[in-house]
Amino acid sequence: MLWIAWKMLIGNRVKYLGIVFGVVFAALLIAQQASTFCGLMLLTISQIRDAAGPDIWVMDRKVQFVDDIKPLSDTELFRVKGVPGVEWAVRFFKGIARARLEEGSYEQVILLGLDDATLVGAPQGIFMGSIADLRKPDAVIIDDAGYKRIWPGEPYRIGRTFEMNDHRAVLVGITTASRTFQSFPIIYTRYSQAVRFAPPERKVLSFVLAEPAAGVPSAEVCRRIEAQTGLQALTHDQFIWKTIDYYLAKTGIPVNFGITVFLGFLVGTAIAGQTFYLFTVENIRQFGALKAMGTSNWTILLMVLSQAVQVGVVGYGIGVGLAALFGLSTRGLVRLAFYMPWQVLAITAAAVFAIVLLASLLSIRRVLVVDPAIVFRG
Amino acid sequence: MQKPESSDAAATGDLAVRVRGVTKEFGSGGSLTRALRGVDLDVPYGEMLMLVGPSGCGKTTLVSIVAGTLQPTAGEVTVLGLDLVAMGNGRKVRFRRDNVGFVFQAFNLLPALSAAENAAVPLLIAGWRRADAIEVASEILETLGLGDRLTNLPSELSGGQQQRVAIARALVHEPRILVCDEPTSALDAENGRITMELIERIAVQPGRAVIVVTHDARVYSFADRIASMEDGRIVSIEAGPHNSTDAAVPR
């Protein structure tokens, strides 16, 4: 009987496509918007993710997210190093600087200062120059997207110079790096140089990056650091989620995306529901005939639900596929934030399931109450 | 297919259908409509009974009750030895599935299914495998002269051909009661005659009964008896050409 339901469904091409369109529309909008939202969230944590290696970030107690810099005194590094369970700890500078280019224009940049001795937190994707070149005087490495922003249309060339805070900087390498939320160029340099490139402040230490000793859990070391120094210590993952939580709670981003997703859900439900109901009404005599011939209400219910599920699966597949295609196609064209983790697919699937269920409810009621004697009426 | 639940009971009497004092009311209060007003009717096995009368006289209501698709307000309805009034909804669904074949005025074929698939629907409802059901349905369609139209959709068939598919669908599961509602009203004279000949040849058999609701006087000649209805009552039952020795039997 489910086969008959399927044949009935695809037999009416216009209605079938109408219902599928409603689901595709909703799935596309939900998946695309949710993926864009996830992409934006990914931008906010890009510098935590890119600083591979250390598992513990130590910062001022009031820091709420990675860009919320509240500088520490340099002596805090030694206090962290003195905490039992800390294998090693290094300084890490993060700030905003203004680069004065050769032709006299200015560009805001994100300045990252790595520990002079170890270069912990260095970028992993250097494709021109070498990380070791950062040890040269005035040396800086820039991210690929930043290079294109500062010198648009020009070929990659190391040896370029520019100024930050009246100090000469020499480009010694170019690296790939995750985009940041502000989309500023990212400049990597040694810590000792970074504090000269940045506007002068009394305190300059942004973070202390630390690694737990072998066999000691990071969370335990964080607890000890907080107890002993009064600073805030977070694991790599904790810092990522603290940053995401900040954007979720303190900005309108999730609400705006949520509204769009909700509208997609509503419109998709309306289109699919209305078309599905019209489809059912159009076939009501057929359903009545099936009931007259001995089809039980339970079977009729399964038939309608199977039609809804079939439409849902097709609409979900096309909608999510289009959203993924959208993400892929725009990745090379524009710098659009787009990240589609499995959770987006699961949420979209749940939404589509709810849509087809809601869409079929009216139809189910209609076919269940239909009098089989309807077939005797002309 | 499951064994029809009427098998044992049906053997106990000569009547396929026994209706006594059946009334049917629709609505309530000021909008109350009495569609049937105490109808008595017997249909023996092996008979084709025609229900005739003006529109709104209660023919369709009566046949709906006999077919088990409508519950009477009062009265007794025994079909194939089973009390339909006392029967629960679930049993009534199984009763229709196993014992009743329907031929509708508007054919009510599923437009997305081919002729063979449409004819196989009652077997699919009874739980047959699709391939087996379509094979049996195809055999019946071939006997009805539609062997070359098995894969055609209803929209690709003429009205007469569609009605033959509907007849095949009504008979494919070998029902013991065949209910035909205006089976010829959508057909021209020639196709109407062919349709009635098919029903008579295939359905009017010992152990079966056929009830035909019709306005079409051209097909009265196929009836064993003709019951005339007016205003919710059977006003006369006359012998048809197939039973010309019987006298008129008014109730």
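Residues numbered from 1 in each chain as written. Chains lettered and ligands numbered in written order. Predicted model: local features only at pLDDT ≥ 70, side-chain atom pairs only at ≥ 80, totals over all residues.

What follows concerns the overall build of chain B. Secondary structure summary: chain B contains 7 helices and 10 strands in total. Radius of gyration (C-alpha) of chain B: 18 Å, near the 18 Å computed for a compact globule of 251 residues. A principal-axis box enclosing the C-alpha atoms of chain B has dimensions of 50 × 40 × 40 Å. In chain B, buried positions account for 50% of the 251 residues. Looking at chain B alone, contacts between residues at least 24 apart form 70% of all its contacts between residues at least 6 apart. (Helix = DSSP H or I, 4+ residues; strand = E, 2+ residues; numbered from the N terminus. Rg over C-alpha atoms; globule rule 2.2 N^0.38 Å. Buried ≥ 20, exposed ≤ 12 C-beta atoms within 10 Å, placed from the backbone. Contact = placed C-beta atoms within 7 Å.)

This part is about the overall build of chain A. Scanning chain A from terminus to terminus reveals 12 helices and 10 strands. Over its C-alpha trace chain A gives a radius of gyration of 29 Å, far above what one expects of a compact globule, namely 21 Å for 378 residues. Along the three orthogonal principal directions, the C-alpha set of chain A runs to about 95 × 50 × 30 Å. Going through the 378 residues of chain A one by one, you find that 44% of them count as buried. Within chain A, contacts between residues at least 6 apart in sequence are counted, and of these 84% link residues at least 24 apart.

Let's shift gears to the sheet that holds strand E4 (residues 74-79) of chain B. Residue and element names in this part refer to chain B. Pairing within the open sheet is antiparallel, and its 4 strands lie in the order E2-E1-E4-E5. Looking along the sheet, the strands with just one partner apiece sit at the ends: strand E2 (33-44) and strand E5 (82-83). As defined by bridge partners, E4 adjoins E5 across 2 bridges and the pair is classed as antiparallel. Residue pairing across strands places valine 79 opposite leucine 82, the latter belonging to E5. Sheet contacts for helix H2 (residues 59-66): strand E1 (15-26), E2 and E4; angle to E1, the most-contacted strand, approximately 125°. (Pairing = 2+ DSSP bridges. Axes fitted to C-alpha atoms, helices over the stretch in contact; angles between N-to-C directions.)

On to the nonpolar core. Formed by 128 residues in total, the largest nonpolar core has its most connected members in Val23 of chain A together with Val66 and Ala137 of chain B. Considering each element in turn, this core owes the most residues, 14 residues, to helix H2 (residues 13-44) of chain A. If we ignore the near neighbours within four places in the chain, the residues touching valine 23 of chain A are Gly268, Ala272, Val311, Gly312, Gly315, Tyr316, Gly319, Val352, Ile355 and Val356 of chain A. (Core = buried A, V, L, I, M, F, W, Y, C linked by C-beta atoms within 7 Å.)

Residue leucine 119 of chain A is not a glycine yet carries a positive backbone phi of 55°. Within the fold, leucine 119 of chain A resides in the loop between strand E3 (106-114) and strand E4 (125-129). One non-glycine residue with positive phi stands out, namely leucine 80 of chain B, at about 55°. Among the secondary structure elements, leucine 80 of chain B is positioned in the loop between E4 and E5. Given 30 C-beta atoms within a 10 Å radius, leucine 80 of chain B is considered buried.

In contact at an axis separation of 8 Å, H2 of chain A and helix H9 (residues 253-282) of chain A are set at 170° when each is read in the N-to-C sense. Between H2 of chain A and H9 of chain A, the angle is such that the two are roughly antiparallel. (Parallel < 35°, antiparallel > 145°, perpendicular 65-115°, else oblique.)

All names here are of chain A. Among the secondary structure elements, arginine 98 is positioned in strand E2 (residues 86-100). As a C-alpha pair, arginine 98 and valine 311 span 213 residues in sequence and 55 Å in three-dimensional space. Not counting the four nearest positions on each side in its chain, arginine 98 is found in contact with Tyr106, Gln108 and Met164.

Attention shifts here to the domain arrangement of chain A. A common measure of how large an interface is: the accessible area buried when the components associate. Assigned domains within chain A: domain 1 (2-43 + 252-376) and domain 2 (73-230). Computed from C-alpha atoms alone, the centre-to-centre distance between domain 1 of chain A and domain 2 of chain A is 49 Å. (Domains from an automatic or database assignment.)

For the rest of this paragraph, the subject is the pairing of E3 of chain A. If a strand is regular, its side chains alternate between the two faces of the sheet. All names here are of chain A. As paired strands, E2 and E3 are joined by 9 bridges and run antiparallel to one another. Bridge pairing in E3 links isoleucine 96 to isoleucine 110. With antiparallel pairing between neighbouring strands as the criterion, E2 and E3 make up a hairpin whose turn holds 5 residues, including glycine 104 at a positive phi of roughly 100°. Two elements, E3 and strand E8 (residues 186-190), share 5 bridges in a ladder whose sense is parallel. Bridging from a neighbouring strand, leucine 114 pairs with arginine 190 of E8.

The next subject is the sheet that holds strand E10 (residues 233-239) of chain B. All names here are of chain B. Read across the sheet, 6 strands follow the order E6-E7-E8-E3-E9-E10 without closing on themselves; strand pairing throughout is mixed. Two strands in the sheet have a free side with no partner beyond their single neighbour: strand E6 (100-103) and E10. With strand direction ignored, the average angle separating the axes of adjacent strands in the sheet is 20°. Here strand E9 (residues 225-230) runs beside E10; their pairing, made up of 6 bridges, is antiparallel.

Keep in mind that low pLDDT regions are not for reading the predicted coordinates in detail. Residue and element names in this part refer to chain B. Here chain B shows a mean pLDDT of 84. Residues at 70 or above account for 91%. Mean pLDDT values over the elements of chain B span from 40, in helix H1 (residues 7-10), up to 93, in helix H4 (residues 115-125). Of the regions scoring below 50 in pLDDT, residues 1-12 engages in 24 contacts with residues more than four places distant in sequence or in other chains. This stretch, residues 245-251, has a pLDDT under 50; its non-local contacts, to residues over four places away or in other chains, come to 11 contacts. For this predicted complex, the interface confidence score (ipTM) comes to 0.81, while the overall pTM stands at 0.74. (pLDDT = per-residue confidence, 0-100.)

Moving on, we get to the interface of chain B and chain A. Every contact between the two is made by 24 residues of chain B and, on the other side, 19 residues of chain A. Counting residues per element, the ones that place at least two in the side of chain B that touches chain A are H2, helix H3 (89-99) and H4 of chain B. Broken down by class, the residue content of the side of chain B that touches chain A amounts to 14 nonpolar, 5 polar and 5 charged. (Nonpolar A, V, L, I, M, F, W, Y, C, P; charged D, E, K, R; others polar.)

As a further point, take the packing of helix H5 (residues 130-143) of chain B against helix H6 (residues 159-171) of chain B. The packing of two helices is summarised by the inter-axis angle and the distance between the axes. All names here are of chain B. Direction vectors running N to C along H5 and H6 enclose 130°, while the axes themselves pass 9 Å from each other. Here H6 runs oblique to H5, going by the angle between their axes. H6 is crossed by H5, and the crossing has right-handed handedness. Along the contact surface, H5 presents Ala137, Ile140 and Leu141, while H6 presents Val165, Ala168 and Leu171. Tallied by class, the residues present in the contact of H5 with H6 amount to 6 nonpolar, no polar and no charged. (Left-handed = near helix turned anticlockwise from the far one by under 90°.)

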